[in-house]
Amino acid sequence: MTFRQIAQFLNPAQKLPKEAEKPPASTGCLAGSVEETRRSPAPEEPAAGVGGGSPPLEGGGYKSSWNRTSMTIAGAFAAVDGSPDEEVLRLHGAYMADMIAAALLVSETDRVLEIGCGVGRLGRELAPRCGRWIGADISENMIAIARERTQHLPNVEFTALTRTALDAFPDNSLDKVYSHAVFIHLDKVDLFLYLQEIARVLRPGGLFYFDTWNLADEVGWKRWLIEVNQPPDPNQPWRKDPLSNQFSVPAEIGLYLKHAGLCELLLTSDSFWIQTVATKATGLAPSAIESLRERVERNRPRIVPTPIFRELFAAQVEFMTGRLSPAEAYRHLSQMPDSREVTLYRTWLERLWQLNQTQWGPYPPK
Ligand SMILES: C[S@@+](CC[C@H](N)C(=O)[O-])C[C@H]1O[C@@H](n2cnc3c(N)ncnc32)[C@H](O)[C@@H]1O
């Protein structure tokens, strides 16, 4: 779901925390390929709309665009996962955090980095399970909200990023790195530059998780058509809207990992997401890599979307494209047996309904 589609149902009312109101300041591994292709990240971008000349480089505009969406708390929530309020955000965050903890075999001594941490939806839930949790994001506004939401946690820190650089992190300094629902927004070159950076900062044997949209899946394809049919945002000066979604096929992601110097342990292709877990294999014995692969593989059922989650997501795509009315979505949910996923989607629809009662009528519908 895109920010613009969700935003039409949400009322950006809440203000940002004070500080953020200011303007935004065998294994299949190719060891040795990293340095050859690494290049300097792009310099700090100009603010969107500045200059009024020709559109800036493809892939630019992340910082200004994401800062603009997160000028208010409601705008930021809509942009990270379409949550209408804190409760839905927490339900969704806890669900996804379980998935990431399973993928990364998170332990209580781990030093964990999230790239594109947004409002700390996942970090708030993961930090209590690891030694240190570091949230990095391109948007200072997102970070300000995340800081506020995690202020009760003693082991969190934040860092603001430029386009694709992880300069703040020394080589081999992190046990786990992940990025959920972020690389879907990146230009492919930026995605690859980040993978190279991750291969640098991860310690040998450390784990990395990320996901992106799967074009080879039927629902993934329908989701892609939403982007295709979305009229261009007239307020967006970039040729590619930095908030729009990118899609891939599994083999492509496998290639990026390999050439970035990361060793693939898991690459799923059976849902609307491509999900991958990789390690830095430098100096590791083949038996150590195999053992990691087996441990991650054992967690596969907790990593890939459950059948019920897939069904609900498919319905959400129908809902967002107007093929399923709010009342039909409600009836669909009411007929499903209780589960964590149904609670999550039911709470989401109920809160969205409250914001749109004038158009949708009373809740629950007759
Ligand atoms: C859809 S949100 C997901 C946030 C968070 N990962 C979650 O799942 O709740 C995407 C996030 O990626 C951040 N982002 C976008 N482009 C980025 C980039 N080039 N580098 C780092 N973060 C980026 C945005 O500011 C935003 O917070």
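Residues numbered from 1 in each chain as written. Predicted model: local features only at pLDDT ≥ 70, side-chain atom pairs only at ≥ 80, totals over all residues.

Draft legend 1. Molecular detail of the overall build of the protein chain. If you tally the helices and strands in the protein chain, you get 16 helices and 8 strands. Looking at the protein chain residue by residue over its 366 residues, the buried ones come to 43%. (Helix = DSSP H or I, 4+ residues; strand = E, 2+ residues; numbered from the N terminus. Buried ≥ 20, exposed ≤ 12 C-beta atoms within 10 Å, placed from the backbone.)

Draft legend 2. Broad picture of the site of the ligand. Surveying the vicinity of the ligand reveals 23 residues, the closest of which are Trp66, Gly116, Gly118, Arg121 and Ser139. Among the secondary structure elements, those contributing two or more residues to the shell around the ligand are α3 (62-69) and α4 (73-81). Counting residues per element, the shell around the ligand draws most heavily on α4, which supplies 3 residues. (Near = placed C-beta within 6 Å.)

Draft legend 3. Geometry of helix α9 (residues 218-229). The end-to-end C-alpha distance of α9 is 17 Å, a good match for the 16 Å that 12 residues give at a rise of 1.5 Å each. Among all positions in α9, only Val219, Gly220 and Arg223 are buried. When α9 is viewed along its axis, its buried side chains cluster within an angular range of 110° and face the same direction. Summarising the geometry of α9, the exposed residues directed more than 90 degrees from the buried face are Glu218, Leu225, Val228 and Asn229. (Expected span 1.5 Å × (residues − 1). Arc of directions from axis to C-beta.)

Draft legend 4. Inspection of the environment of Ala288 at higher detail. The residue Ala288 is located in helix α11 (residues 286-298) in this model. Along the backbone, Ala288 and Gly205 are 83 residues apart, and their C-alpha atoms lie at a distance of 8.2 Å.

Draft legend 5. Geometry of the environment of Leu215. For Leu215, the position within the fold is in the loop between β5 (202-214) and α9. Note on Leu215: 17 C-beta atoms within 10 Å, which makes it partly exposed. With residues up to four places along the chain from it excluded, the contact list for Leu215 reads Gly220, Trp221, Trp224, Phe247, Ser248 and Val249. (Contact = placed C-beta atoms within 7 Å.)

Draft legend 6. Expanded view of the pairing of strand β7 (residues 263-268). In this sheet, strand β8 (residues 273-279) lies alongside β7 in antiparallel orientation, the contact comprising 5 bridges. Across the sheet, residue Thr268 finds its bridge partner in β8, namely Gln275. Counted along the chain from β7 to the antiparallel partner β8, the turn is 4 residues long. (Pairing = 2+ DSSP bridges.)

Draft legend 7. Structural view of the packing of helix α14 (residues 326-334) against helix α15 (residues 340-355). Look at α14 against α15: their axes get within 10 Å of each other, and the N-to-C directions meet at 155°. One way to sum up the angle between α14 and α15 is to call them roughly antiparallel. As for how α14 packs across α15, the hand of that crossing is left-handed. Contacts from Pro326, Ala329, Tyr330 and Leu333 in α14 reach Val342, Tyr345, Arg346, Leu349 and Trp353 in α15. When grouped by side-chain class, the residues that make up the contact of α14 with α15 number 8 nonpolar, no polar and 1 charged. (Axes fitted to C-alpha atoms, helices over the stretch in contact; angles between N-to-C directions. Parallel < 35°, antiparallel > 145°, perpendicular 65-115°, else oblique. Left-handed = near helix turned anticlockwise from the far one by under 90°. Nonpolar A, V, L, I, M, F, W, Y, C, P; charged D, E, K, R; others polar.)

Draft legend 8. Inspection of the environment of Gly361 at higher detail. Considering the arrangement of structural elements, one finds Gly361 in the segment after α16 (357-360). In this structure, the C-alpha to C-alpha distance between Gly361 and Pro326, residues 35 residues apart in sequence, is 9.9 Å.

Draft legend 9. Seen up close, the nonpolar core. Counting 89 residues, the largest nonpolar core has Ile100, Leu126 and Phe208 as its most contacted members. Residue contacts for Leu126: discarding those within four places in its chain leaves Ala97, Ile100, Ala101, Val106, Val112 and Trp133. (Core = buried A, V, L, I, M, F, W, Y, C linked by C-beta atoms within 7 Å.)

Draft legend 10. Inspection of unusual backbone geometry at higher detail. In this chain, Tyr363 is followed by Pro364 through a cis amide linkage whose omega measures -5°. Phi at Asn172 is positive, roughly 55°, even though this residue is not glycine. Mapped onto the elements, Asn172 comes out in the loop between β3 (156-160) and β4 (174-179). The residue Ala181 is not glycine, and still its phi comes out positive at about 60°. Relative to the helices and strands, Ala181 resides in the loop between β4 and α8 (188-201).

Draft legend 11. Focus on the packing of α9 against helix α13 (residues 307-320). Their axes nearest at 10 Å, the elements α9 and α13 cross at an angle of 25°. As summarised for this structure, α9 and α13 are arranged roughly parallel, according to the angle between their axes. Pair α9 / α13 crosses with left-handed handedness. For the pair formed by α9 and α13, the contact residues are Val219, Lys222, Arg223 and Ile226 on the first element and Phe313, Ala314, Val317 and Met320 on the second. Split into classes, the residues belonging to the contact of α9 with α13 amount to 6 nonpolar, no polar and 2 charged.

Draft legend 12. Highlighting α8. With 14 residues, α8 should cover 20 Å at 1.5 Å per step; its first-to-last C-alpha distance of 20 Å lies within 8% of that length. In terms of burial, α8 is largely enclosed, as 12 of its 14 residues are buried. Those residues of α8 that sit buried are Asp190, Leu191, Phe192, Leu193, Tyr194, Leu195, Gln196, Glu197, Ile198, Ala199, Arg200 and Val201.

Draft legend 13. Focus on the pairing of β8. The element β8 is extensively covered by neighbouring structure, given that 7 of its 7 residues are classed as buried. What you see with β8 is no split at all: Trp273, Gln275, Val277 and Thr279 on one side and Ile274, Thr276 and Ala278 on the other are buried throughout. Two strands pair when backbone bridges link them, and β5 and β8 are joined in this way by 7 bridges, in the antiparallel orientation. Across the sheet, Thr212 pairs through a bridge with Ile274, a residue of β8.

Draft legend 14. Examining the confidence of the model for the protein chain more closely. Predicted confidence across the protein chain gives a mean pLDDT of 85, with 82% of residues reaching 70 or more. Note that residues 11-59 has pLDDT below 50 and, in this model, 86 contacts with residues that lie over four places away or in other chains. (pLDDT = per-residue confidence, 0-100.)

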